[in-house]
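What follows is each chain in one-letter form.
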Amino acid sequence: MPDTPDHGIGSPPRSFGWRFPGSKPATVSKRVVAWRIGLLAAVIGGFALVSYEDLRRARTRVEEDALRQSRNLAITLEADVLNTIRSAEQSVLALIDNAYSPPSPQTTGDGAAPDGPNNPDSIPAVRTLLLANRDGSVRYSTGAPSLSSVGGLDLFLAPRAAKTSGFHLSVPFRDGEGNGWRIAVSRRLPSADGQFAGVAAAIIDLRRFARFYATLDIGPRGFVILWRSDGAVLANSHANPLIEADPYANARFLPRFDDGEKTHTLSGLSPYDGEDRVGVARAVEGLPLHVLIRLSSDDYLASWRADLWWRVLETAAMSALLIALAAQLLRHLGRLEDTTKALRASERQSQALFNSSFQIMGLLSPDGLVVALNQPACSLANLPPEAVIGRPAWEFRGWARTPEIAAQFRHSIETAAAGQFVRYETDVHSAEGVRIMDVSIKPIFDEAGRVVLMVTEARDITERKRFENSLRESEARLRSYLDAAMEGFFISDESGRYVDVNPAGCQTLGYSRDEILAMRVLDLIARDHPMGPSSVEGFRTVKRRGLFRGEMALRHKNGATLRAEVNAVRLDNGLYLGVTRDVTERRLAEEALRASTARLTALVHALPDLVFILDDEGRYREIFANSHDLLVLPPERMIGRRAEEVLPDWRGRQLMASLRQTLATGQPQRMEYQLTVQSGLRWFEARTQMLADDFGARPSMLMLVRDITDRVESEERLAAAKEQAEAANRAKSAFLATMSHELRTPLNAIIGFSDIMLHELFGPLGSSRYRDYARHVQNSGRHLLDLINDVLDMSKLEAGRFTLDEEWIDLAETLESCRALAALPAERGHVRLTVAVPPALPRLFADERAVRQVLLNVLANAVKFTPSGGRVEVEVGIPIDGGDLVVTVRDTGIGIAPDALANIAEPFQQADSSIARRFGGSGLGLSISRNLIDLHGGSLTIDSALGQGTTVRILFPAARVERTAAANRVETVAETDASA
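Residues numbered from 1 in each chain as written. Predicted model: local features only at pLDDT ≥ 70, side-chain atom pairs only at ≥ 80, totals over all residues. Heavy atoms only, no water.

**Student:** Break down the overall build of the protein chain for me, citing the residues and quoting the values.
**Tutor:** Broken down by element type, the protein chain carries 24 helices and 33 strands. For the protein chain, the residues scored as buried account for 42% of the 980 residues in total. Here the analysis covers contacts within the protein chain between residues at least 6 apart in sequence; of these, 55% occur between residues at least 24 apart. Carbon and sulfur atoms make up 54% of the accessible area of the protein chain, which amounts to about 51500 Å² in all. (Helix = DSSP H or I, 4+ residues; strand = E, 2+ residues; numbered from the N terminus. Buried < 20%, exposed > 50% of the residue type's maximum accessible area, 1.4 Å probe, protein only. Contact = heavy atoms within 4.5 Å. Areas by Shrake-Rupley, 256 points an atom, 1.4 Å probe, with all protein chains shown as cover.)

**Student:** Report on the nonpolar core, specifying residues and quantitative values.
**Tutor:** Formed by 50 residues in total, the largest nonpolar core has its most connected members in Leu77, Val81, Ile85, Tyr213, Leu226 and Leu289. With 16 residues, helix α1 (residues 30–99) is the single largest residue contributor to this core. Leaving out residues up to four positions away in the same chain, Val81 has contacts with Phe209, Tyr213, Leu226, Val284, Leu289 and Val291. One finds Ala822, Ala850, Val887 and Ile928 within the second-largest nonpolar core, a separate group that totals 41 residues. (Core = buried A, V, L, I, M, F, W, Y, C linked by side-chain atoms within 4.5 Å.)

**Student:** Break down the sheet that holds strand β5 (residues 196–205) for me, with residues and values.
**Tutor:** Strand order across the open sheet formed by five strands is β2-β1-β5-β4-β3, with antiparallel pairing between neighbours. The outermost strands of the open sheet, each flanked by one partner alone, are β2 (138–143) and β3 (167–169). Here the average twist between neighbouring strands, direction ignored, is 20°. Strand direction decides the pairing type here: strand β4 (residues 182–190) and β5, joined by nine bridges, are antiparallel. Looking at β5, one finds that Pro190 is bridged to Phe196. In the packing of helix α2 (residues 154–161) onto the sheet, contacts are made with β1 (126–132), β3, β4 and β5, and the angle to β5 comes to roughly 140°. Packed on one face of the sheet, helix α3 (residues 207–214) meets β1, β4 and β5 and runs near 25° to β5. (Pairing = 2+ DSSP bridges. Axes fitted to C-alpha atoms, helices over the stretch in contact; angles between N-to-C directions.)

**Student:** Hey, could you go over the pattern of salt bridges for me, with residue numbers and the actual values?
**Tutor:** Where side chains of opposite charge bring their charged atoms close, a pairing between them can arise. Counting across every chain of the model gives 40 salt bridges. A salt bridge links Arg57 to Glu53, with the shortest nitrogen-to-oxygen separation between them at 4.0 Å. Remark: Glu53 and Arg57 occur in helix α1; sequence separation between them is four residues, near one turn of the helix. For Glu53, a relative accessible area of 25% translates into the label partly exposed. Linking Glu275 and Arg221 is a salt bridge whose minimum nitrogen-to-oxygen distance equals 2.8 Å. Remark: Arg221 occurs in the loop between α3 and β6 (223–228) and Glu275 occurs in the loop between β8 (263–269) and β9 (276–283); sequence separation between them is 54 residues. Judged by its relative accessible area of 11%, Glu275 is buried. Taking the relative accessible area as the measure of exposure, Arg221 reaches 42% and is therefore partly exposed. (Salt bridge = Lys/Arg side-chain N within 4 Å of Asp/Glu carboxyl O.)

**Student:** Let's hear about the packing of aromatic side chains: which residues, and what values?
**Tutor:** A complete count under the given rule lists seven aromatic pairs for this structure. Ring plane angle 70° and centroid distance 5.6 Å describe the contact between Phe156 and Phe196, whose orientation is recorded as edge-to-face. Residue Phe156 is located in helix α2, and its partner Phe196 is located in strand β5; the two are separated by 40 residues in the primary sequence. With respect to class, Phe156 is no different from Phe196; both count as buried. With a centroid separation of 5.9 Å and an interplanar angle of 45°, the aromatic rings of Phe212 and Tyr213 are classed as tilted. Note on accessibility: Phe212 and Tyr213 belong to one class, buried. Members of the aromatic cluster, connected to one another through ring pairs, are Phe209, Phe212 and Tyr213. The residue whose ring lies beneath Arg208 is Phe209, and the NZ or CZ to ring-centre distance is 5.2 Å. A cation over a ring is seen here: Arg208 above Phe212, with NZ or CZ 5.5 Å from the ring centre. (Phe/Tyr/Trp six-rings, centres within 6.5 Å; stacked < 30°, edge-to-face > 60°. Lys NZ or Arg CZ within 6 Å of the ring centre and 35° of its normal.)

**Student:** Explain the sheet that holds β8 residue by residue, including any values.
**Tutor:** Here five strands make up an open sheet; going across it, the order is β7-β6-β10-β9-β8 and the pairing antiparallel. Of all the strands in the sheet, just β7 (233–236) and β8 have a single pairing partner and so form its edges. With strand direction ignored, the average angle separating the axes of adjacent strands in the sheet is 20°. Taken together, the six bridges between β6 and strand β10 (residues 289–296) define a ladder with antiparallel strand orientation. Paired with Val224 across the bridge in β10 is Ile293. Here α3 sits on the sheet in contact with β6 and β7, set at roughly 35° to β7.

Have a look at this one:
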């Protein structure tokens with residue numbers, strides 16, 4: 001092939017370079033150009049790699065900080081759970097101690113559930129303390145009780161099935177609609193023979209944990225979970241309707257602890273929601289509980305991701321700037337001979353400017369004039385480069401918004417011009433608001449050691465500061481929780497010196513915080529106390545094993561010794577956390593209770609009565625007797641035996657019946673009986689009383705027995721005298737009944753014959769006077785018959801031979817018939833008669849004839865003793881919620897004097913003799929009416945004042961009233977207006 005210019009063979013070598021307007025041609029070989037372009041690419045790639053590594057390390061630090069925060073928070077939450085559960089255990093132990101000891105006279109029987117920390121929303125940790133019998137029924141509860149039986153709950157079933165009396169942490173359960181889930185710390189109650197007698201339990205409100213976790217600073221998407229080993233979620237920092245309905249709904253998503261480790265570090269995608277998270281799952285020491293803290297990458301990487309975009313923009317800007325500078329260098333490559341010195345200065349400037357990894361860069365002269373700036377610096381000043389270069393840097397408000405910041409900037413520049421490296425933080429105002437900048441000024445020296453340039457670098461650390469402030473706020477909140485805690489929190493180092501203490505700890509021991517921080521743990525132990533050696537051993541135990549729970553004797557500043565419950569644990573950072581609670585007063589109260597019990601026992605021994613304490617099976621548990629002469633057997637032969645085994649058959653059965661009645665109703669029972677004891681045949685009076693639920697492991701009763709032989713003998717003599725008087729009264733009543741019957745027979749004939757004469761059935765009488773005489777005979781006979789009927793009814797009532805013919809009656813109809821009979825006398829006497837009956841009056845179980853007789857007697861008296869123009873009103877009160885039924889008869893009559901009112905319902909009694917002469921009557925109507933109402937189990941009461949009318953109330957007990965809905969409206973059924 002011939003050599004032609006088209007193929008480049010034999011042609012002169014071509015030049016490769018860039019030619020700019022006004023510049024001279026420059027010839028550069030392709031290899032040199034390629035080398036320079038490769039070097040430029042390597043610089044850009046290295047800068048990008050450094051930025052990438054810096055971002056990766058920053059992300060790793062953020063993730064490590066998130067894990068460290070999770071671990072510390074898990075330790076704190078574990079301590080919170082331990083304190084809550086142990087407080088519940090201590091409450092159960094105290095409840096069991098009181099369950100086996102007799103109460104002091106001041107004991108009210110009301111306990112108070114320990115509130116624990118009332119934050120947040122005033123929900124106590126321990127909601128309820130309760131004691132349950134062996135059948136699960138709750139016999140004692142305090143706090144906010146809502147359970148009457150726990151027989152079907154795990155808190156009862158597990159201790160009952162267990163062979164030991166240790167504590168049991170129950171599965172979650174509900175004790176009411178809408179009240180959330182609960183767990184219980186329960187323990188078995190043994191009887192005297194070691195058998196199961198019930199449980200004692202402290203019920204914990206799980207809402208307290210959920211609301212506490214919701215206050216933690218773990219980011220909007222982070223969550224905290226407390227769960228049992230069986231998969232039941234007990235508390236969640238975020239409300240979850242699925243878990244609220246079923247605590248086991250998300251059991252498959254929970255971490256497993258099959259390897260026996262106490263703490264698991266978790267990272268990656270969460271199986272619960274598929275979100276990238278880090279966190280810690282920690283087992284609660286000694287309990288089947290776990291705490292899980294998961295932080296979302298969206299939360300803890302937010303600041304890092306914000307910084308990422310700035311880094312990308314920075315890298316892109318730096319790459320563009322490097323490319324522009326490289327183009328500028330290639331442009332001037334042909335004039336290297338003329339611009340060598342300028343090229344060296346430009347190279348120093350470019351090297352100083354672009355080797356920095358901060359976002360904002362600039363070059364200053366030693367006198368503070370701006371030599372060069374990058375684009376972010378110009379944007380911050382809100383000026384183009386030509387308006388800034390050559391002028392003092394502190395004059396521009398974009399960088400120094402206030403005179404104080406400008407003065408600080410100028411002083412820093414002068415310090416750097418003297419040869420010192422300067423770094424500080426300052427606030428800068430931009431279009432996005434106030435930003436926090438990390439500013440550094442680094443001097444650049446020439447060969448002679450003089451400062452020739454200063455490199456100013458500034459990085460936006462607003463997000464990092466915000467994260468640091470958030471961390472400080474989180475630590476401040478944790479400190480506020482500790483400061484608000486009622487328990488004392490002490491933190492010590494490996495040498496035993498205190499490094500921190502909360503106010504409750506200082507208040508408990510009486511020392512200031514500075515005084516405690518100058519001490520060691522052993523300095524606060526009261527070594528001269530009997531518990532001193534065990535307290536020192538407890539300190540050594542926590543250093544050796546990392547855990548201690550028990551009581552210690554601590555020294556107060558005033559020299560007193562305190563007894564404190566201490567829970568101590570070793571933290572991951574080598575420090576030790578001790579939580580203390582002052583139990584000195586509780587221990588003193590227990591000692592006072594024992595002393596009070598001793599005094600009570602001495603008092604019982606001083607009583608003249610016999611005192612027996614029996615259990616629910618009728619077995620004698622304790623016997624107090626000053627003399628054994630009144631006992632059937634010596635006390636040692638009676639203890640542990642049932643009453644039916646000690647007393648004669650019918651006496652034992654009688655006593656057991658009274659004990660069972662006391663157990664069933666809780667009400668005291670009384671009985672009298674005759675018994676042969678060691679001193680002979682005596683009469684006794686016994687009274688039973690239920691003892692408090694916390695007296696013993698099972699229900700117990702107190703029985704006081706008093707020798708009443710002398711009283712019974714006196715009563716027998718009085719009874720004989722009474723029998724004689726009653727016999728005479730019965731003879732009188734029999735005589736009246738016989739005479740009334742004998743008199744009524746001829747009176748019926750007189751009334752009948754006078755009626756025939758009045759109606760002239762067998763022909764006219766002749767003179768009209770005979771008709772008047774016959775009417776007088778008839779009226780007198782009927783009046784006499786009414787008197788005899790009253791006497792006969794009274795005699796039957798007094799003799800106890802009056803029987804009721806009871807059935808369900810319509811009281812409204814009965815009232816209407818009585819109103820119709822009383823209407824004629826009311827019209828004659830110009831009296832207004834009103835009867836008001838409710839529209840839905842329930843039926844009454846009674847003797848209709850007796851009720852009619854009572855109503856007629858009361859109405860007749862009201863009409864008879866009410867003057868012309870007066871009123872008689874009848875009202876029926878509707879029973880509410882199964883109450884009594886009351887019929888009220890109210891008049892505006894002459895009334896009854898106070899001295900006559902007390903005896904007005906006695907037989908043959910009227911207000912006074914003048915009334916008897918004016919109105920007539922035997923005085924038996926009210927007495928008969930009251931006795932008839934008494935036979936129905938009700939009552940008849942009379943309220944009256946002379947000249948102000950009379951009110952009679954007839955009450956029928958609720959047991960005789962039909963259970964139907966009653967209307968509240970009352971309407972008038974009938975009204976008789978007999979006004980003149």
